[in-house]
Amino acid sequence: MNQTYSVEAAWDSLEQLRDQESHLSIQDLFRDDPERAEAFSCEAAGLYLDYSKNRLSRATLTALLQLARGAGLEERRDAMLSGELINITEQRAVLHTALRDRSGRSVMVGGEDACALATAERERMLAFVDEIHRGQRRGATGQPLDTVVNIGIGGSDLGPVMVVEALRPYAIAGRRCHFVSNVDGQHLSDTLQDLDPERTLFIIASKTFTTQETMTNAHSALAWFRASGMDEKAVAKHFVALSTNHDAVAEFGIAADSTFGFWDWVGGRYSLWSSIGLSIALQVGAGRFLELLDGAHAMDEHFRTAPLASNMPVLLALVGIWNRNLEGHRCHAVLPYDQHLLRLPAHLQQADMESNGKSVDLQANATAQATGPVVFGEPGTNGQHAFYQLLHQGSDIVPTDFIAPAISQAELGDHHPKLLANFLAQPRALMNGRSLTEVEQEMRAGGADEETIALQAPHRVFPGNRPSNSLLMERLTPATLGALIALYEHRIFCQGVIWNINSFDQWGVELGKALARDILPYLPAVGAQATAAGADALDPSTAHLLAWINERRQRA
Ligand code: G6Q
C-alpha cells in the first residue's frame, strides 16, 4: 500500500463524485469538455484507446488514479515484473512478461534468470519449428509434418487457438492446425477423421500433464496412430509434449528431446508466449512468433514505464473499476470487429474470469468490493444480430470494448468500410440513445397515427448513456495482436491489485478437476452394468440423474 494515498479516502471520494455527478450523462460530459475525446484517449505499442464514452469526469479520473496509487499499483507492478512471489497461495512468481522479454535483461527467480531460461527453451523450440518447415524433420515414413493437432485445454488451448485464428493470413502455405480440447470423444474423432497419420504431428500441451481431458485425448490419439500401423519408433517422430512435468511426460512415453518445457511461474492462461505457443510458431513461422512476443513486450515496457495517467492498461483497468464498482455493472462485453479475432472473447473470458473471479482478498478476508465481471463477446457485426438488443435496451447496462483494425487483413471491395461504419455506429448509439420525443417525431413524419405512436413509441426508445471503450490498431499483425493480448493481461492484473486479490491462482478450476473424478466410477461403458453401490452417498439429485443416464446406457 502507498502511504501517501489512502485507498479508503479514494473510494470515498469516488462515491461522492458518483453521487454529485449522477445527473451528468456521457453526452453532457462531452458538451462540458470540448477536449474530451482527445483527453480521454491514449496510444501505446501500436494501439489506440478511446475511453471517452464512459460516464466519468476528469475529477473522477483523478480520484481513480489516486485509488490506483493508494492500492500500491506501481509497487505491485514492479514486484510482479521483478519476479517476487506475488501468487501467494501457490508461492509462485508471475513472469509471463519474462517469456517475451528479448532485451537481454535478467529477472531472477529461485536463483535462476527467468529471461535466460525462456530464451534457451524458445531457441530449442524454434529450431525444432525450423527443421519441420525446412523438411529436415519429417514423419516416420518420410512425409512432411504439415498437419498439427494440439491436444490441450483451458490455458493450454485457448491462447494458441485464438492466435492461430487471428494470424490466419500469416499462416505458412499448406500448413494445417487443429485443436482438440474437449474430453467429448466427438471432438477428437471429428478432428482425426480426415487426417493422414503419416503427415500429422501431435502436440500434447499440458502444464501439469495430469489433466483428465488432455490425457484421455492424448491416449486415444496415440491408439489411433498405432492402429494406423505405426510402430514405437514412429510415435517418437509424431508426438511432442509441452509441459512443466517432465516425469509424467516420460511416463507417457515422450522422450526429453521431444519435450519443450516451461516453469511454474507461467500461469496456464498466460502461457501462449511459452512453449505452449509451439502450434502458433509451426503455423506462422519462428519470425512471426517472435514479432508476437515483441509486440507484447512493447506493451509490457509501456506498462512498466508510462506514468499512470497515460498508462493504457492502467486506464482501461480504472474505467472498468468505475463501471464495475461505482456504477455497479456486472458484465463486460468484448466485441472485436474483425472476423479473425473470433476467439479473442473466449480467451479474454478465461483470462479475466479465472484471474479475477475471486471473493477472498490477500489477507484471507472477504473482498471489500465486488470483483471480476462476467465477460462475454462475439465478433461484430454478428453480435449485432444477436445479443446487442440487450446492450441497447436491456434492463442491465453492459460496458463494452469495441476493437477494430483501420485496415483489414483482407480488404475486399467495400466490406471493411461497412464493418468500420458499424464499429463506429454502435458505441455512438449506445451513448446517444434515442428519446421518446425523437421517436414520436420520426413516427409522425413517417405518417403513423397517434394511436400507433402511443402504443409503439415507448418500445423504440433507447435510453443511451451506456458506456464503451474503442480500441483501434492500424492493422491486425503479430505485433499488434501481441500488444492487444498483453494490454488485457495487464488490465486484469491492475484490477486484481485494486480489489486486493490474487489474480494468479484458480482453485475453482482445480475443484472441477477433482469433482469429476469422484463420479466417474459410477459411469460404466455403454452396455455394461452400473455399480450402483455407493452412488446413493452422492446428493439425491445427482444420484437420480445417474440412475436415469445409466439405465439408458445399459440398454443401448
Ligand atoms: C489456466 C488454468 C487452466 C489450465 C487447464 C489445463 O490458467 O490453470 O485453464 O490451463 O486446466 O491445465 P494443464 O495445462 O495443466 O493441462
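This section reports on the structure supplied with the text. (Residues numbered from 1 in each chain as written. Predicted model: local features only at pLDDT ≥ 70, side-chain atom pairs only at ≥ 80, totals over all residues. Heavy atoms only, no water.)

**Looking at the packing of aromatic side chains**
The relative placement of two aromatic rings is captured by the distance of their centres and the angle of their planes. Summed over the entire model, instances satisfying the criterion amount to 15 aromatic pairs. On the basis of an interplanar angle of 85° and a centroid distance of 6.2 Å, the ring pair of phenylalanine 303 and phenylalanine 493 is categorised as edge-to-face. Linking phenylalanine 303 in helix 14 (residues 286-305) with phenylalanine 493 in helix 21 (residues 478-498), this pair joins segments that are 190 residues apart in sequence. Residue classification places phenylalanine 303 among the buried residues on the basis of a relative accessible area of 0%. Joined through ring pairs, the aromatic side chains of Phe202, Trp224, Phe225 and Phe239 make up one cluster. Directly above the ring of phenylalanine 40 sits arginine 36, whose terminal nitrogen or CZ lies 4.1 Å from the centroid. One Lys or Arg, arginine 552, reaches over the ring of tryptophan 548 and ends 3.6 Å from the middle of that ring. (Phe/Tyr/Trp six-rings, centres within 6.5 Å; stacked < 30°, edge-to-face > 60°. Helix = DSSP H or I, 4+ residues; strand = E, 2+ residues; numbered from the N terminus. Buried < 20%, exposed > 50% of the residue type's maximum accessible area, 1.4 Å probe, protein only. Lys NZ or Arg CZ within 6 Å of the ring centre and 35° of its normal.)

**Quick word on the site of the ligand**
Near the ligand lie 15 residues; those nearest to it are Ser156, Ser206, Thr208, Thr211 and Glu354. Serine 206 is positioned such that a nitrogen or oxygen atom in its side chain is 2.6 Å from an oxygen atom of the ligand. In the model, an oxygen atom of the ligand is placed 2.7 Å from a nitrogen or oxygen of the glutamine 350 side chain. Taking 400 Å² as the accessible area of the ligand by itself, protein coverage stands at 93%. Elements supplying a minimum of two residues to the shell around the ligand: helix 16 (344-356) and helix 22 (507-519). (Near = heavy atom within 4 Å. Polar contact = N/O pair within 3.5 Å; in protein donor to acceptor, adjacent residues only side chain to side chain. Areas by Shrake-Rupley, 256 points an atom, 1.4 Å probe, with all protein chains shown as cover.)

**Some words on the sheet that holds strand 7 (residues 200-205)**
Strand order across the open sheet formed by five strands is 6-5-7-8-9, with parallel pairing between neighbours. At either margin of the open sheet sits one strand with a lone partner, and together these are strand 6 (176-180) and strand 9 (259-261). Here the strands of the sheet are splayed against their neighbours by 20° on average, with no regard to which way each runs. Of the pairings in the sheet, the one linking strand 5 (residues 147-151) to strand 6 comprises five bridges and is parallel in character. Note that in strand 6 the partner of asparagine 150 across the bridge is phenylalanine 179. Contacts between helix 7 (residues 114-134) and the sheet are confined to strand 7, strand 8 (239-243) and strand 9, with strand 9 contributing the most and set at about 145° to the helix. (Pairing = 2+ DSSP bridges. Axes fitted to C-alpha atoms, helices over the stretch in contact; angles between N-to-C directions. Contact = heavy atoms within 4.5 Å.)

**Details of the state of the cysteines**
All told, the structure shown has zero disulfides when counted by the stated rule. For the unlinked cysteine cysteine 494, the closest cysteine sulfur is that of cysteine 42, found at 12 Å. (Disulfide = S-S within 2.5 Å.)

**Observations regarding the sheet that holds strand 13 (residues 468-475)**
Ordered in space as 1-2-13-12-10-11, the six strands form an open sheet in which the pairing is mixed. Every interior strand has two partners, whereas the edge strands, strand 1 (41-44) and strand 11 (374-377), have only one. Between one strand and the next, the sheet's axes are offset by a mean angle of 20°, whatever the strand orientation. The sheet contacts of helix 21 involve strand 2 (47-50), strand 10 (331-336), strand 12 (400-407) and strand 13, and relative to strand 13 the element is tilted by about 155°.

**A closer look at the nonpolar core**
Formed by 113 residues in total, the largest nonpolar core has its most connected members in Trp265, Leu278 and Leu481. Apart from the residues lying within four places of it in its own chain, the contact partners of tryptophan 265 are Ala93, Val94, Leu95, His96, Ala98, Leu99, Val109, Ala114 and Leu117. Counting residues in each nonpolar core, the second largest holds 23 residues, with Val149, Leu195, Phe202 and Val235 among its members. (Core = buried A, V, L, I, M, F, W, Y, C linked by side-chain atoms within 4.5 Å.)

**A few points about the side chain of arginine 55**
By the element assignment, arginine 55 lies in the loop between strand 2 and helix 4 (58-70). Reaching out from arginine 55, the side chain makes a polar contact with the side chain of glutamate 327 at a distance of 3.0 Å. Discounting residues that sit within four places of it in the chain, arginine 55 has contacts with Arg18, Glu21, Ser22, Leu24, Ser25, Ile26, Leu29, Trp322, Glu327 and Asn465.

**Quick look at helix 10 (residues 212-227)**
The terminal C-alpha atoms of helix 10, which comprises 16 residues, lie 22 Å apart, in line with the 22 Å expected from a rise of 1.5 Å per residue. Where helix 10 ends, the next residue or the one after it, glycine 229, has phi of about 100°, a positive value. (Expected span 1.5 Å × (residues − 1).)

**A short note on the packing of helix 16 against helix 21**
In helix packing, the relevant descriptors are the interaxial angle and the interaxial distance, both defined with respect to the helix axes. At a minimum axis separation of 10 Å, helix 16 and helix 21 run at an interaxial angle of 20°. In terms of orientation, helix 16 lies roughly parallel with respect to helix 21. For the element pair helix 16 and helix 21, the recorded crossing hand is right-handed. Contact residues: Leu344, His347, Leu348, Ala351, Asp352, Ser355 and Asn356 in helix 16; Leu484, Ile485, Tyr488, Arg491, Ile492, Gln495 and Gly496 in helix 21. When grouped by side-chain class, the residues that make up the contact of helix 16 with helix 21 number seven nonpolar, five polar and two charged. (Parallel < 35°, antiparallel > 145°, perpendicular 65-115°, else oblique. Left-handed = near helix turned anticlockwise from the far one by under 90°. Nonpolar A, V, L, I, M, F, W, Y, C, P; charged D, E, K, R; others polar.)

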